[in-house]
Amino acid sequence: MTSDLFARTRTLFEIPDGVIYLDGNSLGVMPKAARERVITELDVSWGRELIRAWNTCGWIDLPSKIGDRIATLIGAPPGSVVVADSTSINLYKALTSALQLSGDRRVILSDSGNFPTDLYVAEGVIRTLDRGLSLKIVAPEDIEAAIDADVAVLMLTEVDYRTGRMHDMARLTARAQAAGALTIWDLAHSCGALPVDLTGANADFAIGCSYKYLNGGPGAPAFIYVRPDHQPKIQPALSAWMGHAAPFAFPLNYTPAPAIDRMRTGTPPVLSLAALDSALTVWDGISMQDVRQRSMELSDLFIARVEALCPELELASPRDATKRGSQVSFRFHEGYAAMQALIADNVIGDFRAPDIMRFGFTPLYIGFAEVEEAARRLARIISENRWDRPEFKARSKVT
Ligand SMILES: Cc1ncc(COP(=O)(O)O)c(C=O)c1O
């Protein structure tokens, strides 16, 4: 039964007493296995093995080993995903690679719901390549109509970080490819949140974070997917030694590693990789369909309760659960202060400017009773104006 399944997965996490955590879409909860593994890496691997651990503890292969684990969660074959760098850097790698394959087309097409870093990276790529490229940004609902013969790359985030609105990856990929364009999908809010089928969608490139639904820890390294037939054609813009065919031969010139390993750059962050490697064991035996089903039930319940109890809040996410990711967002004119008040009441979500209160639903460690209680506490904060206090209005750097 799925309820037993999720009761079991919950025990795999360190959840602080009394906290209702609805922010796994931003930073996942710490898996117990990750904590133990990092301690072992410190005490045994680094502490005793020292430099030998690159070989004896398998440090050198962690990026591809973990890449293969993540591949199983996003419908990708072994050898098509590697873990390295941040999502922003992986987007740079994917975009510069896609632009090598796209001939003399000039347009990078994206939408106004994309995460800003993706748009900023594209701006930087356009500036540095200096070959007449431009970034076209349209409303999410206008993307399909904007795909034409000028588009070199369609660059989208599948699930909107603010509203949770989800694009149809298979449909848009097919549409882009029919028009002769390549696709890059940012899976930051998809991976570990819902079933992703990169192979089925025939996506060209994908990138994503591991610190959100994959629970890899703060700043955990990101992943990059390159469709296997593209891999041998790519000369990485960030041609660095760990992506070399023979890094320890130390030749003066760059020869890319045979396959996805060419998307590696420098020395991998071993402690973060170790945490992520162990964090991914919580997915063993878990069906993404079950996770999706439960996440839709949890988020539907939250919407129903909040709308019944807090008429002041306006739903910013699609009402149809099949059209959104694993988060629900509400607009409220004092959303920042209300979120701070809620956090002070031990329900943790987050805020995205200008007025979005964001709540993530992670079935691996969140259940129905907590969702109901979170809605009740939110209602008290709104109906009693508890947010209207100076300490809740002082903005921190991270919102
Ligand atoms: C959709 C999306 N893309 C990219 C990023 C940024 O990733 P990174 O900080 O690893 O570069 C985020 C961060 O939240 C995100 O939500």
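Residues numbered from 1 in each chain as written. Predicted model: local features only at pLDDT ≥ 70, side-chain atom pairs only at ≥ 80, totals over all residues.

Quick look at helix 12 (residues 335-344)
Then, number 1: Judged by how many residues are buried, helix 12 sits mostly within the fold: 8 of 10 residues are covered.
Then, number 2: Among all positions in helix 12, only G335, Y336, A337, A338, M339, Q340, A341 and L342 are buried.
Then, number 3: Of the residues trailing helix 12, N346 is marked for its positive phi of about 70 degrees. (Buried ≥ 20, exposed ≤ 12 C-beta atoms within 10 Å, placed from the backbone. Helix = DSSP H or I, 4+ residues; strand = E, 2+ residues; numbered from the N terminus.)

Points about the nonpolar core
Then, number 1: In terms of nonpolar packing, the biggest core is built from 115 residues, with I74, L95, V153, L154, I224, Y225 and A338 touching the most fellow members.
Then, number 2: Split by domain, this core shows at least three residues from each of two domains, domain 1 (2-30 + 287-393) and domain 2 (58-283).
Then, number 3: Residues contacting L95, with those up to four places away along its chain left out, are V121, A122, V125, V153, M155 and I184. (Core = buried A, V, L, I, M, F, W, Y, C linked by C-beta atoms within 7 Å. Domains from an automatic or database assignment. Contact = placed C-beta atoms within 7 Å.)

Points about the packing of helix 4 (residues 62-73) against helix 10 (residues 270-279)
The packing of two helices is summarised by the inter-axis angle and the distance between the axes.
Then, number 1: Running from amino to carboxyl end, helix 4 crosses helix 10 at an angle of 25 degrees, the nearest separation of the two axes being 10 Å. Between helix 4 and helix 10, the angle falls in the class roughly parallel. By crossing handedness, the relation of helix 4 to helix 10 is classed as left-handed. Each of L62, P63 and I66 in helix 4 lies in contact with helix 10, whose residues at this interface are V270, L273, L276 and D277.
Then, number 2: The residue makeup of the contact of helix 4 with helix 10, split by class, is 6 nonpolar, no polar and 1 charged. (Axes fitted to C-alpha atoms, helices over the stretch in contact; angles between N-to-C directions. Parallel < 35°, antiparallel > 145°, perpendicular 65-115°, else oblique. Left-handed = near helix turned anticlockwise from the far one by under 90°. Nonpolar A, V, L, I, M, F, W, Y, C, P; charged D, E, K, R; others polar.)

Focus: the environment of A316
Then, number 1: Along the polypeptide, A316 turns up in the loop between strand 11 (314-315) and strand 12 (327-331).
Then, number 2: According to the C-beta neighbour criterion, A316 is buried, with 21 such atoms within 10 Å.
Then, number 3: Sequence separation between A316 and D284 is 32 residues, and the spatial gap between their C-alpha atoms is 33 Å.
Then, number 4: Those residues in contact with A316, other than ones at most four positions away along the chain, are T163, S329, F330, R331 and I356.

A short note on the site of the ligand
Then, number 1: Around the ligand, the structure places 13 residues, and the nearest of them are S86, T87, S88, F115 and A188.
Then, number 2: Elements with a minimum of two residues in the shell around the ligand: helix 5 (87-101) and helix 6 (116-129). (Near = placed C-beta within 6 Å.)

Examining the sheet that holds strand 15 (residues 356-360)
Then, number 1: With antiparallel pairing, the 4 strands of this open sheet are ordered in space as 11-12-15-14. Pairing within the sheet leaves two strands with one partner each, and these edge strands are strand 11 and strand 14 (350-352).
Then, number 2: Bridge count for strand 14 against strand 15 is 3 bridges, and the pairing is antiparallel. Across the sheet, residue R352 finds its bridge partner in strand 15, namely I356.
Then, number 3: Across the face of the sheet, helix 11 (residues 288-309) comes into contact with strand 11, strand 12 and strand 15 while running at roughly 20 degrees to strand 12. (Pairing = 2+ DSSP bridges.)

As for the domain arrangement of the chain
Then, number 1: For the chain, the assigned domains are domain 1 (2-30 + 287-393) and domain 2 (58-283).
Then, number 2: Between domain 1 and domain 2, the contact holds 27 residues from the first and 20 residues from the second.
Then, number 3: Contributions of two or more residues to the side of domain 1 that touches domain 2 are made by helix 11 and strand 12.
Then, number 4: Per-element tally for the side of domain 1 that touches domain 2: the top contributor is helix 11, with 4 residues.

Structural notes on unusual backbone geometry
Across residues other than glycine, the phi torsion is negative in most instances, and most of the peptide bonds are trans.
Then, number 1: Residue P354 is reached from A353 by a cis peptide bond, and omega for that bond is 5 degrees.
Then, number 2: Mapped onto the fold, P354 is located in the loop between strand 14 and strand 15.
Then, number 3: Of note, F250 is a non-glycine position whose phi angle comes to about 50 degrees, a positive value.
Then, number 4: As for its position among the elements, F250 is in the loop between strand 10 (223-226) and helix 10.
Then, number 5: Its 8 C-beta neighbours within 10 Å are what place F250 among the exposed residues.

Quick notes on the packing of helix 11 against helix 13 (residues 368-383)
Then, number 1: In the contact formed by helix 11 and helix 13, the axes pass within 9 Å of each other and the chain directions differ by 25 degrees. Comparing their axes, helix 13 and helix 11 come out roughly parallel. Here helix 11 runs over helix 13; the crossing is right-handed. Note on element contacts: helix 13 touches helix 11 through F368, V371, E372, A375, L378 and A379, opposite L298, L301, F302, R305, V306 and L309.
Then, number 2: Its residues assigned to classes, the contact of helix 11 with helix 13 shows 10 nonpolar, no polar and 2 charged.

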